[in-house]
Structure formats: C-alpha cells, structure tokens
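Take a look at the letters that make up each chain.
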Amino acid sequence: MGVKTMLPSYELGFYALTVTCAVVYSGSGIFEASRDSMNRKAFRDGIKPGWHYFGRKMDVADFEWVMWFTSFRNVIVFALSGHVLFGKICSMTVPQHRAVVYMLYGILAVLGSMGLTYLMIILSHCLVLYSVALAKQKWLCYAAGLCCLASFKVEPFSSWQSGFVTGAFDLQDVLFYGGSGFTIMRCMSFALESSERKEGIYSIFDLLKYNFYLPFFFFGPVMTFDQFHAQVSTRELRRKDDEMRNIRIHALLHLGAIVAVDIFFHFFYILTLPSDLKFMNRLSDWSL
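Worth saying up front: this structure is predicted, and the values here are computed from it rather than measured.

Caption draft 1: The arrangement of the overall build of the chain in detail. Broken down by element type, the chain carries 13 helices and 2 strands. Taken over the C-alpha trace, the chain has a radius of gyration of 24 Å; the compact-globule value for 288 residues is 19 Å, which it surpasses by more than 25%. Each principal axis of the C-alpha distribution contributes one length, and for the chain these read about 65 × 55 × 40 Å. Counting only residues that meet the buried cut, the chain has 34% of its 288 residues in that class.

In structure tokens form, the structure reads like this:
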C-alpha cells in the first residue's frame, strides 16, 4: 500500500524552518571555532593559504579535493576535452562508429593513467561476467557480480589484484577501486539485460563499448546498459529541443557546487578541527 497523500504544507514548512535554524546555529559555532583556531600550531599542516581576497586560510585536509584541483586538474581537462573532440569529429563523419571511437579512447585513457596490468584486471572481470551472462540466469549474474566486488575487499584476492598496479601517485587507490567497482556494476547491468533478451545475447564488444565510456568509467554515474545501448545505436543524431540550454544549466550548477565547496573549506575547518582532541573538548555540543 503506497503513500496516498503528502504532509500538509504548513507542517513541512515548520520542519524545514526547524532544521534550518538548527543548522545555522550549529554552523555559527563551527565558524567561530574555525576563525579562532586558524593559527594554531596543531593545525599548521591542515590549514594553508587559499583565496587571498577572502582573508582566510583554507582547510586542505581533504587530499582528494586538493589533488583533483591541483595536479590532476589539467589531466582531467585534457582527457575529457579529447573525448569530446574525437567524439564530435566521429559524429560528424561516421556517426554509426562513434561508440567504437569512445571505447578506444577510453581504453587508451585507462591504459595511460593506470597501466597495462590494471587494464588486464578490468578486462578479466568483464570476461568473467560476460561468460556468466551466457547462462541467462539472473541469480547467477547477481552472485557473480557480488563475488567480483568482494574480491576487492577480501584477502588474499584484494592484495593480489592491487599488487598488479605498479608505481605510485596521489589518488591511485581512488582510481583503482573506483574504476574496478563501477566496472563490475556495469557488467552486472549488462548481464541482467542480456538475461532478459529473448533472442541471443549482446556481444562482448557491446560490453566493452559500454564499460570504457570514459566520462562514466572511474566514478559513474551508472547508466544502465539498455539506456546506453539505445543511445549509441541511434544513427540519426538529432539535437533535442532545449538540449543546449539544459547542458548550460547543468554545467553552471556543477560549477556553482564546486565554488560553494571551495568557499566552505575557507570558512569551516571541519576536516582539520577533529585532529586536535583537546581543542574538540572545548567545543559546544551544537558545534560537535
């Protein structure tokens, strides 16, 4: 039995007002604690100079955020720009092969960033789950996918797989587990869609085109295989009404979110403050 009606608007408004007041009051305490502790010796490694026109230092304890917007920023822009450029050229010349171009570019990007052995690990998981999909049993697809995911958390399989990746750089573990986990989830989607197909099964080439689509590879979002296959199989490329407008709106929203988080790190040191337990003991319960 589903929910038939919504709560009254005045009740929802009261809840929203209560939560907003609580967050603002708690945030004011964190803001004061951040302002007063800016120059503490214990926080010297976590708080560094940021945007000078703010007049405040920046919390840099989130190393992933710092890496994405310093050393990895140019790599991301270069890789995605190439994806868009080659995809556009292919769409204008041979649109029926654009999925192949996306796949080849994605494979080369993964190869260049993570190495050949990591690429072999990804391909082995794709091959295993494709083989399972041939049986056309949903329960078997789920079981195999969960076992593949568990292999990155259970010893000795976890160390054995991560040991194949040579070298070391910032965010290597994030890219390793992100790409591996989302690969298995995509393979599960492919296997489930193949199980429901009445005639035959999708080819492993379809799986590779789906998995190595670069914008989704390392971190998603997860577009299910049926949606992806329907889009890349369309030969007549037509721009939908207001499509560019929606792209601009989403781009501005993402840019706004990035700027908002960066500003947040200038005024609320929520990642660095917990490193000093003596200082935390002096904070109010609302700040904690």
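Further notes follow.
Caption draft 2: Geometry of the domain arrangement of the chain. Taken as a whole, the chain is organised into domain 1 (9-36 + 50-59 + 257-287) and domain 2 (72-233). On a C-alpha basis, the centroid separation for the pair domain 1 and domain 2 is 38 Å.

Caption draft 3: Quick peek at the layout of surface pockets. Its volume calculated, the second largest pocket comes out at about 210 Å³. Together, P49, G50, W51, M58, V60, W65, V66, F69, T70, D262 and H266 line the second largest pocket. At the level of secondary structure, the elements contributing two or more residues to the lining of the second largest pocket comprise α2 (63-68) and α12 (243-267). Residue composition of the lining of the second largest pocket, grouped by class: 7 nonpolar, 3 polar and 1 charged.

Caption draft 4: Region of interest: helix α11 (residues 225-232). Considered for burial, the residues of α11 that qualify are F225, F228 and V232. In a view along the axis of α11, the buried residues occupy a sector of 65°, so they form one face of it. Of the surrounding secondary structure, the elements contacted by the buried residues of α11 are α4 (98-114), α8 (172-196) and α9 (204-211).

Caption draft 5: Geometry of helix α1 (residues 9-36). In this model, α1 (28 residues) spans 40 Å end to end at C-alpha, consistent with the 40 Å of a helix rising 1.5 Å per residue. Where α1 is concerned, the buried positions are S26, G27, G29, I30, A33 and S34. On the buried face of α1, the contacting elements are α12 and α13 (277-281).

Caption draft 6: Expanded view of the pattern of salt bridges. A full pass over the atoms with the stated rule returns 4 salt bridges. Across the pair R40 and D276 runs a salt bridge whose closest N-O atoms are separated by 2.8 Å. Within this pair, whereas R40 is found in the loop between α1 and β1 (47-49), its partner D276 is found in the loop between α12 and α13, the two being separated by 236 residues in sequence. Residue class for R40 comes out partly exposed when judged on its relative accessible area of 27%. Using a relative accessible area of 12% as the deciding quantity, one classes D276 as buried.

Caption draft 7: Molecular detail of the UniProt feature "transmembrane region" (unreviewed entry) in the chain. Here the UniProt-annotated "transmembrane region" (unreviewed entry) positions come out as residues 12-31, 65-87, 99-131, 212-230 and 251-271. For residues 99-131, helix accounts for 97% and strand for 0%, while the C-alpha atoms at its two ends are 22 Å apart.

Caption draft 8: Structural detail: the packing of aromatic side chains. Scanning the entire structure with this criterion turns up 29 aromatic pairs. Ring geometry for F218 and F219: centres 6.4 Å apart, planes at 45°, overall tilted. Three or more aromatic residues joined by ring pairs form one cluster here, namely F31, W51, Y53, F54, W65, F264, F265, F267 and F268. Sitting above the plane of the F43 ring, R40 keeps its charged end 5.6 Å from the centroid. One residue, R197, lies across the ring of Y202, its end atom 4.2 Å from the ring centre.

Definitions and cut-offs
Residues numbered from 1 in each chain as written. Predicted model: local features only at pLDDT ≥ 70, side-chain atom pairs only at ≥ 80, totals over all residues. Heavy atoms only, no water. Helix = DSSP H or I, 4+ residues; strand = E, 2+ residues; numbered from the N terminus. Rg over C-alpha atoms; globule rule 2.2 N^0.38 Å. Buried < 20%, exposed > 50% of the residue type's maximum accessible area, 1.4 Å probe, protein only. Domains from an automatic or database assignment. 1 Å grid on protein atoms, 1.4 Å probe; cavity = no way out; pocket = protein on both sides within 12 Å on 5 of 7 lines; lining within 4 Å. Points joined across faces, edges and corners; volume = space filled by probe spheres on them. Nonpolar A, V, L, I, M, F, W, Y, C, P; charged D, E, K, R; others polar. Arc of directions from axis to C-beta. Contact = heavy atoms within 4.5 Å. Expected span 1.5 Å × (residues − 1). Salt bridge = Lys/Arg side-chain N within 4 Å of Asp/Glu carboxyl O. UniProt positions renumbered as here; feature names shortened; annotations may be inferred. Phe/Tyr/Trp six-rings, centres within 6.5 Å; stacked < 30°, edge-to-face > 60°. Lys NZ or Arg CZ within 6 Å of the ring centre and 35° of its normal.

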